[in-house]
Amino acid sequence: MLDMQGISKIYRTDLIETHALRQFSLRVEAGDFVAVTGPSGSGKTTFMNIAGLLEDFDTGRYQLDGTDVSGLSDAVRSRLRNERIGFIFQSFNLIPELDIFDNVDVPLRYRGFSRRDRAERIASALDLVGLRSRMHHLPAQLSGGQQQRAAIARALAGDPGLLLADEPTGNVDSLMARQIMDLLEEINEMGTTIVLVTHDLELARRARRNVHIVDGQVSDFWSLEPPAPGLHAGLVPAMMAPA
Amino acid sequence: MNWNLRPILVAIWRSPTGALLVALQVALALAVLVNAAGIVQQRVQKVGRPNGMDTPNQFVVAVSGFTREFDYTAMLATDLAWLRGLPGVVAASVTSAVPLLDSGSSAGIRNAPGLKAGRQANIFEMDEQGLAALGVRLVAGRAFSAEEILPPAQGNQALPQILLTRALARVLFPDGDALGRQVYDPLDRPITVTGIIEHMHGNWVDWDKLDHVAIVPRVPEGPQALYLVRTRAGERDALMRRVEEHMATSDPTRLLLWVRSMSSIERRAYLADRNLAIFLTAVTAALLLVAALGIFGLATYNVAARTRQIGTRRALGARRGDIVRHFLLESSLVTTAGATAGVALALAAGYWLSVTWQLPRPGLLHLSTGVAAVWIIGLLAAWQPARRAAAVPPAVATRTV
Ligand SMILES: Nc1ncnc2c1ncn2[C@@H]1O[C@H](COP(=O)(O)OP(=O)(O)O)[C@@H](O)[C@H]1O
Ligand SMILES: [Mg+2]
């Protein structure tokens, strides 16, 4: 699904160069549920942005679904984001002027689906997150947890193979966080690959795999099942059992 | 193609204040533009209409006798002989009035005896070089000869002949040729029409019968005299200086009042029209600029305020072109709302202006051109902010809290 080899990303400002990722390699298999942890500033968001085609990288190779994404035009990258990737953001990023229905509709309109198609997808996505009865509410009329569920519906309505969630529970209370995690597990069980960045180790432990990033590199990871042989060439990970 | 119109409209609807203000500016600018365009067009046409004369090569001299020894007839003879003898002078005539110079007389000319009222005509008294000095074209008949020029009017003297402009001849004789026909003065005395002038303007630029002019063969009354002088092309200015120098001192019994070119007289006559056109154009341009700045400001504000939203849309699959279109569409909706209100306002203002001031009502052409102009201005004003929106990187979605 996602295969990064030796990726580096350097942010240059007038005075300083920040090596956000250095020789970063990671593979995520289709259907996997990977939780990414690491200290603040270690490069988690940078990794997610590159994985989600929101940002370019400087060196290395990245294949998404077997396609080498370096050198793709902005229009093609936009289309790949639209069709293959669902994003969930820490601060939900719902459009405040639009009701929940129209928010979920945003990526579907860019996709060019017919009106009836869109209405069906919106209804079933909102069903999944339990917000169908709230579809004509504005984001501000919903709680944080509900808003994040609406954002999940928006990410899923286009049936992406890959769901990228950067600290989706960072702005909600712990009860809501567990509900969102339940929802993500359910979604993963239906076949969607998920990469989740979180600070909450308890939540991270519920994923199939954990990846820990320190200083722009994968420092270690564990997995519920042993990875297929030869998948992680170049990495020397310490295998750890779930605590 | 999916224009994504509804969500944009909904978004405007939910926070309408800025959009309303800008739409109002657009409406106001359009209403003024449409009405001013009609008035300006009318004034420009008025200022530019032909007066039938040889304006660039004409000037006028005004003199006035002021001592007891002053002899009006002798002065005319001397001055005209001198003027006509000047190399470069094509013709010179004494005249009772100067076209486009706001002082002259009119009289009712009848096309049949016994009528109570006639057709109002601007009357010019000129001599045998009158037509040549005016530089107007005779389309029928002949000019006056020297022997036909009558001395200054004593009481109510009868006139044997008269020249009419074609416009005046047409209203007097709508059935056909006026040449050789009789017109009648207020005392019912017949006057023969001996010539038809193609076109010329009289004294009052705001009179709707400005081209209803009649020329009679008579020396105007003194002691003031106006000489209309026509020169060869390019020699006017030199001759004006020469005439001014000479006439200031040639005859101590009279004063040289002024010497003015026909061009400057014409310019002065249309000054108010020209100023109105310039003023209205400037006001309209200013209002359009304000509206354009409003559209630009609103779009710039929207782009700045929604940076994260733009990044999110990009993350969700919007291409740069989708973002440009989003903001141009949003801006166009505001312009369209403003233009719709503006058309209504323009029609209402036009109705009021036409009733109160008899000004021309804006036509369909003015309205549609105005709407198109406002629309294009709106698109141009929103263009740069829309481009800036498209340049917002998608990573903003995850980097902005
Ligand atoms: N646009 C940027 N310009 C400069 N430095 C950046 C930019 N984005 C991130 N960084 C830096 O890159 C490093 C990794 O950032 P990030 O991936 O956001 O870390 P995390 O998400 O793990 O907190 C940090 O040192 C951060 O300051
Ligand atoms: Mg981060």
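Here goes a summary of the coordinates provided. Because the structure is a prediction, the values reported are computed rather than measured.

Rules behind the numbers
- Residues numbered from 1 in each chain as written.
- Chains lettered and ligands numbered in written order.
- Predicted model: local features only at pLDDT ≥ 70, side-chain atom pairs only at ≥ 80, totals over all residues.
- Heavy atoms only, no water.
- Helix = DSSP H or I, 4+ residues; strand = E, 2+ residues; numbered from the N terminus.
- Rg over C-alpha atoms; globule rule 2.2 N^0.38 Å.
- Buried < 20%, exposed > 50% of the residue type's maximum accessible area, 1.4 Å probe, protein only.
- Contact = heavy atoms within 4.5 Å.
- Areas by Shrake-Rupley, 256 points an atom, 1.4 Å probe, with all protein chains shown as cover.
- Lys, Arg positive; Asp, Glu negative; His and termini not counted.
- Charge placed at Lys NZ, Arg CZ, Asp CG, Glu CD.
- Axes fitted to C-alpha atoms, helices over the stretch in contact; angles between N-to-C directions.
- Parallel < 35°, antiparallel > 145°, perpendicular 65-115°, else oblique.
- Left-handed = near helix turned anticlockwise from the far one by under 90°.
- Nonpolar A, V, L, I, M, F, W, Y, C, P; charged D, E, K, R; others polar.
- Salt bridge = Lys/Arg side-chain N within 4 Å of Asp/Glu carboxyl O.
- Pairing = 2+ DSSP bridges.
- Core = buried A, V, L, I, M, F, W, Y, C linked by side-chain atoms within 4.5 Å.
- Buried area = accessible area lost by both parts, 1.4 Å probe.
- Polar contact = N/O pair within 3.5 Å; in protein donor to acceptor, adjacent residues only side chain to side chain.
- Phe/Tyr/Trp six-rings, centres within 6.5 Å; stacked < 30°, edge-to-face > 60°.
- Lys NZ or Arg CZ within 6 Å of the ring centre and 35° of its normal.

A word on the overall build of chain A. Within chain A, the secondary structure is distributed over seven helices and eleven strands. Compactness check: chain A gives a C-alpha radius of gyration of 18 Å against a globular reference of 18 Å for 243 residues, within 12% of the reference. Each of the three principal axes of chain A carries a C-alpha extent, and together these read 50 × 45 × 40 Å. Put simply, chain A has 243 residues, and 54% of those count as buried. Counted over contacts in chain A with a minimum sequence separation of 6, partners at least 24 positions apart contribute 68%. Counting every atom, chain A has about 10400 Å² of accessible surface; 49% of that belongs to carbon and sulfur. When the 25 positive and 32 negative side-chain charges of chain A are each reduced to one mean point, those points stand 4 Å apart.

Attention now moves to the overall build of chain B. A tally of helices and strands in chain B yields twelve helices and eleven strands. On C-alpha atoms alone, chain B measures out to a radius of gyration of 32 Å, which is more than a quarter above the 21 Å that the 2.2 N^0.38 rule sets for 401 residues. If you line up chain B on its principal axes, its C-alpha atoms span 100 × 50 × 35 Å. In chain B, which comprises 401 residues, the share counted as buried stands at 49%. A fraction of 82% describes how many contacts in chain B between residues 6 or more apart in sequence connect residues 24 or more apart. As presented, chain B carries roughly 19100 Å² of accessible surface, and 62% of it is formed by carbon and sulfur atoms. Averaging the positions of the 39 positive and the 28 negative side-chain charges in chain B gives two centres separated by 22 Å.

Time to look at the packing of helix α10 (residues 320-357) of chain B against helix α11 (residues 364-390) of chain B. Residues and elements named next belong to chain B. Taken N-terminus to C-terminus, the directions of α10 and α11 make an angle of 150°; their axes are 8 Å apart at the nearest point. With respect to each other, α10 and α11 are oriented roughly antiparallel. Every pair of crossing elements has a handedness; the one defined by α10 and α11 is right-handed. Considering only residue class, the contact of α10 with α11 consists of 18 nonpolar, five polar and two charged.

Of note, R306(B) is situated in the loop between α8 (271-305) and α9 (307-315). Setting aside anything within four residues of it in sequence, one finds R306(B) in contact with H326(B), F327(B) and E330(B).

Before going further, it helps to spend a moment on the pattern of salt bridges. Counting across every chain of the model gives 35 salt bridges over all chains. Two residues, E55(A) and R399(B), come together in a salt bridge whose shortest N-O distance is 3.4 Å. Of the two residues, E55(A) is situated in the loop between α1 (44-51) and β4 (59-64) and R399(B) in helix α12 (residues 396-399); the pairing between them involves two chains. Of the residues examined, E55(A) reaches a relative accessible area of 11% and is grouped as buried. Note that D208(B) and K209(B) form a salt bridge whose closest N and O atoms lie 3.6 Å from each other. For D208(B), a relative accessible area of 65% translates into the label exposed.

Residues and elements named next belong to chain A. Taken together, the four strands give an open sheet; going across it, the order is β2-β1-β4-β5, and neighbouring strands pair in antiparallel fashion. Strand pairing shows two members of the sheet lacking a second neighbour, β2 (17-28) and β5 (67-68), which therefore form its edges. One ladder, built from five bridges, connects strand β1 (residues 2-12) with β4; its direction is antiparallel. Paired with M4 across the strands is Y62, a residue of β4.

Let us look at the nonpolar core. All names here are of chain B. I215 and Y227 are the most contacted members of the largest nonpolar core, which totals 51 residues. In contact with Y227, other than residues within four places in its own chain, are F59, V60, V61, V63, M75, L76, D79, L80, L83, S93, V94 and M247. Counting 45 residues, the second-largest nonpolar core is a separate cluster that includes I12, A291, A292 and V324.

What follows concerns the interface of chain A and chain B. Of the residues lining the interface, 28 residues belong to chain A; the matching set on chain B comes to 26 residues. Taken together, both faces of the contact between chain A and chain B bury some 2600 Å²; the carbon and sulfur share is 51%. In terms of surface lost to chain B, no three residues of chain A exceed E97(A), R109(A) and Y110(A), which account for 28% of the buried area on that side. Scanning the region where chain A abuts chain B turns up four salt bridges. Linking chain A with chain B are 16 residue pairs in polar contact (both at pLDDT 80 or more), by the criterion used here. For the side of chain A that touches chain B, the secondary structure elements donating two or more residues are α1, α2 (74-84) and α3 (100-111) of chain A. Grouping the amino acids of the side of chain A that touches chain B by side-chain chemistry returns twelve nonpolar, seven polar and nine charged.

All names here are of chain B. Summed over all chains, the structure comprises four aromatic pairs over all chains. Centre to centre, the rings of F70 and Y72 are 6.4 Å apart; their planes meet at 55°, and the pair counts as tilted. No difference in accessibility class separates F70 from Y72, as the two residues are buried. Relative to W207, the ring of W204 has its centre 5.5 Å away and its plane inclined at 80°; by these criteria the two rings are edge-to-face. Across from the ring centre of W258, 5.9 Å away, lies the NZ or CZ of R260, which sits over that ring.

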